[in-house]
Amino acid sequence: MNGTEILVVEDEPAIQELIAVNLEHAGHRVQRAYSAAEAENIIRDVRPDLILLDWMLPDLTGTALARKLRADPRMKDIPIIMLTARAQETDKVEGLEAGADDYITKPFSPKELLARIKAVLRRRAPQLTDDMIEIDGLRLDPAAHRVSANEQSVSLGPTEFKLMHFFMTHPERVYSRVQLLDQVWGDHVFVEERTVDVHIRRLRQALEPSGHDRLIETVRGTGYRLHA
Ligand code: CA
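Residues numbered from 1 in each chain as written. Predicted model: local features only at pLDDT ≥ 70, side-chain atom pairs only at ≥ 80, totals over all residues. Heavy atoms only, no water.

A. Main features of the coordination of the calcium ion. Around the calcium ion, the protein contributes the donor atoms Asp11 (OD), Asp54 (OD) and Met56 (O), at 2.1 to 2.3 Å from the metal centre. As a motif over one chain, the donors of the calcium ion read D-x42-D-x1-M. Of the two residues, aspartate 11 sits in the loop between strand E1 (5-9) and helix H1 (13-25) while aspartate 54 sits in strand E3 (residues 50-54), which places them 43 residues apart along the sequence. Classification of aspartate 54 as buried rests on a relative accessible area of 3%. (Donors = N, O, S within 2.8 Å, 3.2 Å for Na, K, Ca; no water. Helix = DSSP H or I, 4+ residues; strand = E, 2+ residues; numbered from the N terminus. Buried < 20%, exposed > 50% of the residue type's maximum accessible area, 1.4 Å probe, protein only.)

B. Here's a closer look at the nonpolar core. Core analysis: the biggest nonpolar cluster contains 27 residues, and Met164 and Phe167 have the highest contact counts within it. Elements with a minimum of two residues in this core: strand E6 (133-135), strand E7 (138-141), strand E8 (146-149), helix H6 (158-169), helix H7 (177-185), helix H8 (194-207) and strand E11 (223-226). Here the element with the most residues in this core is H6; it accounts for 6 residues. With residues near it in sequence (within four places) discarded, methionine 164 still touches Leu138, Leu140, Leu156, Leu203, Leu207, Ile216 and Leu226. Grouped together as the second largest cluster of nonpolar side chains are 21 residues, Leu7, Ala33, Leu57 and Ala100 included. (Core = buried A, V, L, I, M, F, W, Y, C linked by side-chain atoms within 4.5 Å. Contact = heavy atoms within 4.5 Å.)

C. Main features of the side chain of glutamate 160. Locating glutamate 160 in the fold gives a position in helix H6. An unpaired buried charge is present at glutamate 160: no salt bridge exists, and arginine 202, the closest side chain of opposite charge, is 4.1 Å distant. (Lys, Arg positive; Asp, Glu negative; His and termini not counted. Salt bridge = Lys/Arg side-chain N within 4 Å of Asp/Glu carboxyl O.)

D. Seen up close, the sheet that holds strand E9 (residues 152-154). Taken in spatial order, the 4 strands of this open sheet run E6-E7-E8-E9, and their pairing is antiparallel. Both edges of this open sheet fall to E6 and E9, since each of them pairs with a single strand only. Strand-to-strand twist in this sheet, taken as the mean axis angle between neighbours without regard to direction, amounts to 25°. In this sheet, E8 lies alongside E7 in antiparallel orientation, the contact comprising 4 bridges. Bridge pairing links arginine 139 to serine 148 in E8. The sheet contacts of H6 involve E6, E7 and E8, and relative to E7 the element is tilted by about 115°. (Pairing = 2+ DSSP bridges. Axes fitted to C-alpha atoms, helices over the stretch in contact; angles between N-to-C directions.)

E. Spotlight on H7. Buried within H7 we find Leu180, Leu181, Asp182, Val184 and Trp185. The secondary structure elements touched by the buried residues of H7 are H6, H8 and E11. In the segment just after H7, glycine 186 is the residue with positive phi, at about 75°.

F. Broad picture of the side chain of histidine 199. With respect to the helices, strands and loops of the structure, histidine 199 is situated in helix H8. Here histidine 199 falls in the buried class, since its relative accessible area comes to 11%. Within the local environment of histidine 199, its side chain forms a polar contact with the side chain of glutamate 160, the two groups lying 2.4 Å apart. (Polar contact = N/O pair within 3.5 Å; in protein donor to acceptor, adjacent residues only side chain to side chain.)

G. Broad picture of the pairing of E11. Judged from the 4 bridges that link them, strand E10 (residues 216-219) and E11 form a sheet pairing that is antiparallel. Counted as the bridge partner of threonine 218 is tyrosine 224 from E11. Joining the antiparallel neighbours E10 and E11 is a turn of 3 residues, in which glycine 221 adopts a positive phi near 75°.

Remember, this is a structural readout, not a statement about activity or role.
Take a look at the structure:
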């Protein structure tokens, strides 16, 4: 999961710095915000892969921001981990009801934080993890950045690789072009929807020799799906 983009929303500079340094050390890319308003601007611009969200912010509570994000169709799938100094059970319930995926109580060790991040990504965004995946003789190894079809190596460009990884971790579900842009391209303000078609075509071409191109289905009027 190297290169995962994480937004840290925390108004206490020392804590923010500590978290950011540890995340960067673990190979993540980090964006920082001191307030909910700042966080919202960054989220609109870069659409992070995961958000670490402090409970008490100067302008809004973390739970209020979580609710706002969950109500936004483009943002609702971003995994959120709440950071809080409070450990009461009712707070935990409130955080989870607001749409947070997990909850971590301060003070926490960097090791614990990284473990929670990994667990949440595995559950909510498996395409960002390094877990090896295999479907119908098609095998993708994120750590080695390798794809093989029936033991034969398949050469894919970086975007095709990400697309393949996303489809393989989300089989049988149909995704629109806009959803694929959000999930695979992330920041796609200047990317046109037909760009998706171009990369799907390239992906199918690369998979053609082994016949695995049949896995990538076009769903008329809707988008694409991996059908095993
Ligand atoms: Ca705070």
